[in-house]
Amino acid sequence: MENQTVNKTEDSLYKVTLYNNQKVESGTIWLLFLFFGWSYGSMNKMGLQVLWYVTLGGLGFWALVRLFTLSSAIKNHNKEIADRVGLTHQEKMQVGLFS
């Protein structure tokens, strides 16, 4: 019984560590976006990032929209990573995905 508890704790710790290594940091993404227009590339969407640069941020319109949608895009990307590594609801709360 005690061995199962240790295994669950180790598994939980492994998943949280895996999540922390793969998630994107909000502050870093915001700085990259504001100075270089880089946001999609950090979230594994290189096609959109190239399109962003080719269209010069949609001639400014796309950039304006991105200012208002970037925070939710970061949260959604991190939630996708949490689901991919198999975090439980409690573990998601532990890493700050839910309040």
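Residues numbered from 1 in each chain as written. Predicted model: local features only at pLDDT ≥ 70, side-chain atom pairs only at ≥ 80, totals over all residues. Heavy atoms only, no water.

## A few points about the overall build of the protein chain
Then step 1. Summing up its helical and strand segments, the protein chain has six helices and zero strands in all.
Then step 2. Mapped from its N terminus to its C terminus, the protein chain presents α and β elements in the order α-α-α-α-α-α.
Then step 3. For 99 residues, the compact-globule estimate of 2.2 N^0.38 gives 13 Å, and the C-alpha radius of gyration of the protein chain, at 17 Å, exceeds that figure by more than 25%.
Then step 4. For the protein chain, the spread of C-alpha atoms along the principal axes amounts to about 60 × 25 × 20 Å.
Then step 5. Taken across its 99 residues, the protein chain has 31% of its residues classed as buried.
Then step 6. A fraction of 53% describes how many contacts in the protein chain between residues 6 or more apart in sequence connect residues 24 or more apart.
Then step 7. On the protein chain, roughly 6800 Å² of surface is accessible, and the fraction owed to carbon and sulfur atoms is 62%.
Then step 8. Across the protein chain, the 9 positively charged side chains and the 7 negatively charged ones have centroids separated by 11 Å. (Helix = DSSP H or I, 4+ residues; strand = E, 2+ residues; numbered from the N terminus. Rg over C-alpha atoms; globule rule 2.2 N^0.38 Å. Buried < 20%, exposed > 50% of the residue type's maximum accessible area, 1.4 Å probe, protein only. Contact = heavy atoms within 4.5 Å. Areas by Shrake-Rupley, 256 points an atom, 1.4 Å probe, with all protein chains shown as cover. Lys, Arg positive; Asp, Glu negative; His and termini not counted. Charge placed at Lys NZ, Arg CZ, Asp CG, Glu CD.)

## Details of a nonpolar patch on the surface
Then step 1. On the surface, L31, L34, F35, F36, Y53, L64, L67 and F68 cluster together into a nonpolar patch covering about 930 Å² of accessible area.
Then step 2. Listing elements by their share of the nonpolar patch, those giving two or more residues are α2 (26-36) and α5 (61-85).
Then step 3. Looking at the nonpolar patch, the element that brings in the most residues is α2, giving four residues.
Then step 4. Turning to its location among the elements, L64 is positioned in helix α5.
Then step 5. Residue class for L64 comes out partly exposed when judged on its relative accessible area of 47%. (Patch = residues over 30% accessible without salt bridge, like charges linked within 9 Å, V, L, I, M, F, W, Y side chains within 5 Å. Salt bridge = Lys/Arg side-chain N within 4 Å of Asp/Glu carboxyl O.)

## A look at α5
Then step 1. The terminal C-alpha atoms of α5, which comprises 25 residues, lie 35 Å apart, in line with the 36 Å expected from a rise of 1.5 Å per residue.
Then step 2. Taken as a whole, α5 carries its principal kink of about 55 degrees at T69.
Then step 3. Listing the buried residues of α5 in full gives W62, R66, L70, A73, I74, H77, N78, I81, A82 and V85. (Expected span 1.5 Å × (residues − 1). Bend = angle between axes of the 7 residues up to and from the residue.)

## Points about the confidence of the model for the protein chain
Then step 1. Averaged over every residue, the pLDDT of the protein chain is 91; the share at 70 or more is 93%.
Then step 2. Highest mean pLDDT in the protein chain belongs to α2 (96); lowest belongs to helix α1 (residues 2-22) (82). (pLDDT = per-residue confidence, 0-100.)

## Quick word on the packing of aromatic side chains
Then step 1. Counting across every chain of the model gives five aromatic pairs.
Then step 2. Between W30 and F33, the aromatic rings sit 6.2 Å apart at their centres with planes inclined by 85 degrees, giving edge-to-face as the arrangement. Of the two residues, W30 and F33 both sit in helix α2, three residues apart, roughly one turn of that helix.
Then step 3. Taking the relative accessible area as the measure of exposure, F33 reaches 7% and is therefore buried. (Phe/Tyr/Trp six-rings, centres within 6.5 Å; stacked < 30°, edge-to-face > 60°.)

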